[in-house]
Amino acid sequence: MGALRSPALLRTEVLAGLVVALALIPEAISFSIIAGVDPRVGLFASFTMAVSISFLGGRPAMISAATGAIALVIAPVMRDYGMDYLIATVLLGGGIQIVLGLVGVARLMRFIPRSVMVGFVNALAILIFLAQVPYLVDVPWLVYPMVAVGIAIMVGLPRVTKVIPAPLVAIVALTGFTILAALTVPNVGDEGDLPDSLPSLFIPDVPMTVETLKIIAPYALAMALVGLLESLLTAKLVDDITDTHSDKPREAWGQGASNVITGFFGGMGGCAMIGQTMINVKASGARTRISTFLAGVFLLVLVVGFGDVVAIIPMAALVAVMIMVSVGTFDWHSIQPATLRRMPKSETFVMASTVAVTVATHNLAIGVAIGVIVAMTLFARRVAHLTETNRELVEDTHGNATAHYRVTGELFFASSNDLYTQFEYADDPERVVIDLTHSHIWDASTVAALDAIVYKYHRKGKSVEIIGLNQTSADRHGRLSGHLPAS
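A closer look at the overall build of the protein
Part 1: If you tally the helices and strands in the protein, you get 20 helices and 6 strands.
Part 2: Compactness check: the protein gives a C-alpha radius of gyration of 29 Å against a globular reference of 23 Å for 487 residues, more than 25% above the reference.
Part 3: With the C-alpha coordinates of the protein rotated into their principal frame, the extents come out at 105 × 60 × 50 Å.
Part 4: When the 487 residues of the protein are sorted by exposure, 51% land in the buried category.
Part 5: Considering only contacts within the protein whose residues lie at least 6 apart along the sequence, 83% involve residues at least 24 apart.
Part 6: Taking the average location of the 31 positive side-chain charges in the protein and that of its 36 negative ones, the two points are 6 Å from each other.

See the structure below:
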């Protein structure tokens, strides 16, 4: 590995891992509270996820740990059934992810349009910023200048030197100032108690029955899908930032394997953390698995071995880091007036829908799903209007007339539903030719529409010939024609 042979690159990876570990601590504690579990459950999950995914994952430098999305999904299990059922849910969810990864679910990523990805990134930036607001409300006035100083350090320091990550300098500087000035401001220790022992093996004590499966399966499936979606989208985002490719199928089953490992160590499960990944990749410049591995190791060392020191880190320092991550993550080019004027309105609407739903639900998976549905609907509507039907009356040498219809465009459910109304059934002569040379039959809806057209002509005693079908369309038409209920 190149980083191991280069002191400069290795330093970047080590310091990046340290910055991520420091930023992970309050978030892991917060997500533990959301899930209704002890803070150590979220912290241990972050440790096991980061360390295991550094070996198993398909996207170097991406950070996986306990996340808010997973916490929201599994919280009802903890509330209604307790810790053992929660861990059983995590184990089953990881198993489902492994299966989905092995069957190639990652290939579905290519169906997510660019406008949805832009909306995903912008919504993520907004959610990261909104997550910092509680730390800026009803706090001592000293918090505000401390946050401002932290932001100033991260803006100004890279212009002088990039040897040490600016977020790390901001955290150390503000922590040192807080200690020397004996300031009383909210700190990491206020978020919850830090563990003082290493994680141990945990086997959930649940009955191996169908009833248990009925309880945990819905939550495990939701956890698997949400985790995979966020992880694969994050991997794609890191691909774009670093101009490199990742192994998406490996990342999918690697997430599952990491969740299984996490479950057996009593962790709450997790997935890729987009905010922490942006700290690692964009703010700190990490590019390898070393930073991911060290983020997990540093996290455990800090909370177990140096818990007293970590507890006094002011939240203002971490808030400043996350605000800068939010600003750096947002795609500002996408909302510039020139871009909005140039971009098709449908693309802008898809992006805005993704942002609005994601921010409203605080769930990136739901926002992306709605964005994809909106994009598909608008695409189908747009393509449907590109279909044309032209009619021409042709007479042969004997004076017999033929109505020749030339259909141009893609024929599928959205366009073929209108096809039925494009023919002059009463006025056409006894012979009708429908030319589909410049068309393609995509689905059963089109075959049913053609059958309906032919049937209506036959009722009027007229014959219909369909010509010009390409091989695929001919096979589909031959297989379905006359066998559909609508016919």
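Focus on helix α12 (residues 289-305)
Part 1: Taking 1.5 Å per residue, 17 residues should reach 24 Å; α12 reaches 24 Å between its end C-alpha atoms and fits that length.
Part 2: Of the residues flanking the start of α12, the one acting as N-cap is Thr288, its side-chain oxygen 3.2 Å from the backbone nitrogen of Ile290.

A short note on the nonpolar core
Part 1: Judged by nonpolar contacts, the single largest core of 100 residues is most densely connected at Ile25 and Met268.
Part 2: A total of 12 residues in this core trace back to one element, the largest contributor, which is helix α2 (residues 7-35).
Part 3: Grouped together as the second largest cluster of nonpolar side chains are 19 residues, Leu419, Ile434, Ala448 and Val454 included.

Notes on unusual backbone geometry
Part 1: We note that Ala182 has phi near 55 degrees; this positive angle belongs to a residue other than glycine.
Part 2: Despite not being glycine, Asp243 has its phi angle at roughly 55 degrees, a positive value.
Part 3: One can find Asp243 in the loop between α9 (210-242) and α10 (248-264).

Observations regarding the packing of helix α6 (residues 114-132) against helix α16 (residues 345-361)
Each pair of packed helices can be described by the angle between their axes along with the distance between the axes.
Part 1: One way to put it is that α6 packs onto α16 with a least axis distance of 8 Å and a crossing angle of 35 degrees. Note on packing geometry: the crossing formed by α6 with α16 is right-handed. Of α16, the residues touching α6 (which contributes Ser115, Val116, Val118, Gly119, Phe120, Asn122, Ala123, Ile126, Leu127 and Leu130) are Glu347, Val350, Met351, Thr354, Val355, Thr358 and Val359.

With respect to helix α5 (residues 83-102)
Part 1: Look at α5: 29 Å from first C-alpha to last across 20 residues, which is about the 28 Å you get at 1.5 Å a residue.
Part 2: For α5, the set of buried residues is Tyr85, Leu86, Ile87, Ala88, Thr89, Val90, Leu91, Gly93, Gly94, Gln97 and Gly101.
Part 3: Check the buried side of α5 and you find it contacts α4 (68-81), α9 and α10.
Part 4: Within two residues after α5, Gly104 carries a phi angle of roughly 95 degrees, on the positive side.

Observations regarding a nonpolar patch on the surface
Part 1: A contiguous nonpolar surface patch, about 430 Å² in accessible area, is contributed by Ile179, Val301, Phe306, Val309 and Ile312.
Part 2: Along the polypeptide, Ile312 turns up in the loop between α13 (307-310) and α14 (315-329).

Focus: the layout of surface pockets
Part 1: By volume, the largest pocket amounts to about 720 Å³.
Part 2: Looking at the largest pocket, it is lined by 31 residues, and the ones nearest its centre are Glu27, Phe31, Gly68, Leu127 and Ala131.
Part 3: The set of elements that each furnish at least two residues to the lining of the largest pocket consists of α2, α4, α6, α11 (274-283) and α14.
Part 4: Looking at the lining of the largest pocket residue by residue, the class counts come to 21 nonpolar, 8 polar and 2 charged.

A word on the pairing of strand β4 (residues 401-411)
Part 1: Judged from the 8 bridges that link them, strand β3 (residues 388-395) and β4 form a sheet pairing that is antiparallel. Note on β4: the bridge partner recorded for Thr389 is Val407.
Part 2: Remark: 5 residues form the turn of the hairpin made by β3 and β4, two consecutive strands paired antiparallel; Gly399 in that turn has positive phi of roughly 85 degrees.
Part 3: One ladder, built from 9 bridges, connects β4 with strand β5 (residues 431-441); its direction is parallel. Considered in β5, the bridge of Arg406 is made with Asp435.
Part 4: A crossover links β4 with its parallel partner β5, the connecting element being helix α18 (residues 413-419), and its sense is right-handed.

Let's talk about the side chain of Ser231
Part 1: With respect to the helices, strands and loops of the structure, Ser231 is situated in helix α9.
Part 2: Classification of Ser231 as buried rests on a relative accessible area of 1%.
Part 3: Polar side-chain contacts of Ser231 include one of 3.5 Å to the side chain of Gln255.

Rules of the game
- Residue numbers run consecutively from 1 along every chain, following the written order of its sequence.
- Reporting of local features is limited, given that this is a predicted model, to residues whose pLDDT is at least 70; pairs of side-chain atoms are given and counted only at 80 or more, and all residues count toward the totals for whole chains, interfaces and linings.
- Just so you know, side-chain values use all the structure's heavy atoms and leave hydrogens and water out.
- Counting from the N terminus, the helices are the DSSP runs of H or I reaching at least four residues and the strands are the DSSP runs of E reaching at least two.
- Here the globule rule is a power law, 2.2 Å times the number of residues to the power 0.38, and the radius of gyration is based on C-alpha atoms.
- Note on exposure labels: buried denotes an accessible area under 20% of the residue type's maximum, exposed denotes more than 50%, and partly exposed covers the range between, all computed with a 1.4 Å probe on protein chains only.
- Here, residues are in contact when the closest pair of their heavy atoms is within 4.5 Å.
- By the counting scheme adopted, Arg and Lys are positive, Glu and Asp are negative, and His together with the chain ends is not counted.
- Every charge is mapped to an atom, namely NZ of Lys, CZ of Arg, CG of Asp or CD of Glu.
- Expected span, for any helix, means 1.5 Å times one less than how many residues it has.
- Side-chain atoms alone can form a polar contact between residues adjacent in sequence; in general such a contact is a pair of N or O atoms within 3.5 Å, and within protein one must be able to donate a hydrogen while the other accepts it.
- Definition of nonpolar core: a set of buried residues of the types Ala, Val, Leu, Ile, Met, Phe, Trp, Tyr and Cys, connected through side-chain atoms within 4.5 Å.
- Every axis corresponds to a line fitted to the C-alpha atoms, with the helix fit spanning only the stretch in contact, and the corresponding angles, defined between N-to-C directions, vary from 0 to 180 degrees.
- Two helices cross in a left-handed way if the nearer one is turned anticlockwise from the farther one by less than a right angle. They cross in a right-handed way if the turn is clockwise.
- In this scheme, patches are assembled from residues that exceed 30% relative accessible area and form no salt bridge. Like charges are connected within 9 Å, while nonpolar side chains (Val, Leu, Ile, Met, Phe, Trp, Tyr) are connected within 5 Å.
- Each accessible area is a Shrake-Rupley estimate made with a 1.4 Å probe; only the visible protein chains count as cover when residues are assessed.
- Should a side-chain nitrogen of Lys or Arg be within 4 Å of a carboxyl oxygen of Asp or Glu, the pair is scored as a salt bridge.
- The distinction between a cavity and a pocket rests on a 1 Å grid over the protein atoms alone: a 1.4 Å probe fits inside a cavity but cannot get out, while a pocket stays open yet meets protein on both sides within 12 Å along at least five of seven lines, and a residue with an atom within 4 Å of a point counts as lining.
- Grid points are joined across faces, edges and corners, and a volume is the space filled by probe spheres set on the points.
- Residue polarity follows a fixed list, in which Ala, Val, Leu, Ile, Met, Phe, Trp, Tyr, Cys and Pro are nonpolar, Asp, Glu, Lys and Arg are charged, and the others, Gly among them, are polar.
- Only strands joined by at least two bridges in the DSSP assignment are considered to pair.
- If you view a crossover with the strands going away from you and the path from the first strand over the helix to the second runs clockwise, you call it right-handed.

In short, shape yes, function no, at least from these values alone.
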